[in-house]
Amino acid sequence: MHADFSRLTFRPGKHYSAVLTQQGRVQLDADANEQAAIERYQLRTLAADLIGRRGGPAAAAGFAIGYVPGNHDVDDLTIGGGRYYVDGILCEADRPEPGIAVPDDGGQGSNVPGDGGDAREAPAGWTYWDQPDAYRDQERDGDRLPGEFPFLVYLKVWERSVTAVEDPEIREVALGAAMPDTAARAKLVWQVLALPASELSVPDGGASRVREAFDAWAEAHERPGGLLAARARRPERASEDPCLAHPEAGYRGPENQLYRVEVHHGGSAEGCATFKWSRENGSVVLPIASIEGVWVDLTSLGDDDKLSLSVGDWVEVADSAYVSRGEAANLLQVEETDLPGRRVRLSAEPVPEVGRLAERHPFLRRWDHRAPRGRDALPLAGGALQLQEGTWLDLEDGVQVYFRPGGDYTRGDYWLIPARTATGSVEWPQNAAGEALLREPAGVRVHHAPLAWVKGPTTVVDLRQTFTPLTAPAPQ
């Protein structure tokens, strides 16, 4: 997750059941975050063991799917309200109540939903086109429902981080605008999507056969496709800067960092796979006020030199829709900064559909890789580094990464590498010989569940599973 962490320490294999705070000790974000991760892991594991891979309470199962033919318009789906569990993760499809407004004159409020009306009139669920975190666009052919029957409707679930840049209500205004925000949030994202029958190994059939075919498809899409190892090695010409600590250290950076290596464009290394990296875990984000051509007006240029923008920086123009859709627009380079005007000029105009709507909380995210230099420098593609396998790649200050050959990478896959000045190294698992071990991505962990098999305009087979409460009335 993109946030200003020192490191993330939760490891299920260590079987820790709690973090125990000791008196008189320094409090670290990593300890509190590990406690939250332990509790989340225990609850979701328990739910999955009791419920199974997926299911909803029989009396309140959510995500019931209905098909709505478009006639002269685009087709649509209805998404029923309620709850559903996917791999122990609770997903809620209920639409928040709009509330009842009180006019300034104290008179009777309106009863129209969305106009300060009666919350009881609000719809209980969503539709395919207005679901909150999918951002479907009727103008995009790829977003429309399949044009042929049958097709499968499924649920896609994952978590992402949200900071005060995307949700200003997180910030405590009493601390003042000059103070940084305090904590980020983990947000559960669910999307109801459609899959043509041609993507499955079964053209048609009963519910059990369709579920089996979908499970095979989901397993392939959930399996990590790339492995990475990291290490710190003494860089060439390190002795030319005697002010850095640990003359023999591998990591030569002046500060502790949490490096984030993230896949930008997915695919194979021989194809178009690229990656980017940040020494701040991708947490340097600046809210966008407006975009005019290549000029981007910002509400701030950063709290200090370390968290600001400079000429030559690579940035990603993003907003809530861009992040939730998992898109990958080209990274752009800062070519000019206007400090009094709080704006920057980019190397090209951002794509038209990203960063323009204030309700989507647009922002710039800074990445710390640089344009290639020297004979062994990695080439750029769309502003990101071309991914190369089977060799150690230099990031900076002695930090190196290695991608295992044969990977098939997914956009958003990321690895976190804590680098520490006290040891002059990075925190990464090693074998007895001190060799770095390959690891799966730290995220993004995506989960899937089948919801419905749409066989025709009037035939929808419900693929959900339900469970009843374990308890019953005590015998009298």
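Our subject is the structure listed above.
Residues numbered from 1 in each chain as written. Predicted model: local features only at pLDDT ≥ 70, side-chain atom pairs only at ≥ 80, totals over all residues. Heavy atoms only, no water.

Student: Outline the pairing of strand β21 (residues 392-396), supporting the account with residue identities and numerical values.
Tutor: Bridge analysis of β21 against strand β22 (residues 399-403) gives 4 bridges, and the strand direction is antiparallel. Among the inter-strand pairings, E396 is bridged to a residue of β22, identified as V399. Connecting β21 to the next strand, β22, in antiparallel fashion are 2 residues, including D397 with a positive phi near 50 degrees. (Pairing = 2+ DSSP bridges. Helix = DSSP H or I, 4+ residues; strand = E, 2+ residues; numbered from the N terminus.)

Student: Tell me about the sheet that holds strand β4 (residues 83-86), and please be specific about residues and values.
Tutor: Taken in spatial order, the 4 strands make up an open sheet running β5-β4-β1-β28, and their pairing is mixed. Each of the sheet's edge strands pairs with one partner strand only, and the pair in question is β5 (89-92) and β28 (466-467). Here 2 bridges tie strand β1 (residues 54-57) to β4, and the two strands are oriented antiparallel to one another. Bridge assignment links R54 to a residue of β4, and that residue is V86.

Student: I'd love a proper account of the environment of V454, names of residues and values included.
Tutor: Tracing the sequence through the fold places V454 in strand β26 (residues 447-456). Residue classification places V454 among the buried positions, given a relative accessible area of 0%. Taking the C-alpha atoms as reference points, V454 and R279, separated by 175 residues in sequence, lie 47 Å from one another. Residues in contact with V454, not counting those within four places in the same chain, are Y67, F149, P150, F151, V153, T459 and V460. (Buried < 20%, exposed > 50% of the residue type's maximum accessible area, 1.4 Å probe, protein only. Contact = heavy atoms within 4.5 Å.)

Student: I'd like a description of the environment of V86, backed by residues and values.
Tutor: Structurally, V86 can be placed in strand β4. We classify V86 as buried; its relative accessible area is 0%. Put simply, V86 and D297 are 211 residues apart on the chain and 41 Å apart in space, counted from C-alpha to C-alpha.

Student: Mind laying out the sheet that holds strand β2 (residues 65-68), listing which residues take part and the relevant values?
Tutor: Strand order in the open sheet made by the 3 strands is β2-β3-β6, with antiparallel pairing throughout. Looking at the sheet topology across the chains shown, the edges are occupied by β2 and β6 (126-127). Here strand β3 (residues 76-79) runs beside β6; their pairing, made up of 2 bridges, is antiparallel. Considered in β6, the bridge of T78 is made with T127.

Student: Before we move on, can you summarise helix α2 (residues 207-222) with the specific residues and values?
Tutor: Taking 1.5 Å per residue, 16 residues should reach 22 Å; α2 reaches 22 Å between its end C-alpha atoms and fits that length. Where α2 is buried, its residues touch β7 (151-162), β8 (185-196), β26 and β27 (459-462). (Expected span 1.5 Å × (residues − 1).)

Student: Break down a nonpolar patch on the surface for me, with residues and values.
Tutor: A cluster of nonpolar side chains, namely L46, L50 and L470, defines an oily patch on the protein surface of about 370 Å² accessible area. Tracing the backbone through its elements, the reader meets L46 in helix α1 (residues 29-51). On the basis of relative accessibility, which here comes to 48%, the residue L46 falls in the partly exposed class. (Patch = residues over 30% accessible without salt bridge, like charges linked within 9 Å, V, L, I, M, F, W, Y side chains within 5 Å. Areas by Shrake-Rupley, 256 points an atom, 1.4 Å probe, with all protein chains shown as cover. Salt bridge = Lys/Arg side-chain N within 4 Å of Asp/Glu carboxyl O.)

Student: Any details on the pattern of salt bridges? Residues and values, ideally.
Tutor: All told, the structure shown has 29 salt bridges when counted by the stated rule. Across the pair R343 and D338 runs a salt bridge, and its minimum N-O distance is 3.0 Å. For R343, a relative accessible area of 28% corresponds to the partly exposed category. According to the relative accessible area criterion, D338 is partly exposed, its value standing at 21%. Salt bridges sharing partners connect three or more residues here, namely R136, R140, D143, R325, E327 and E353.

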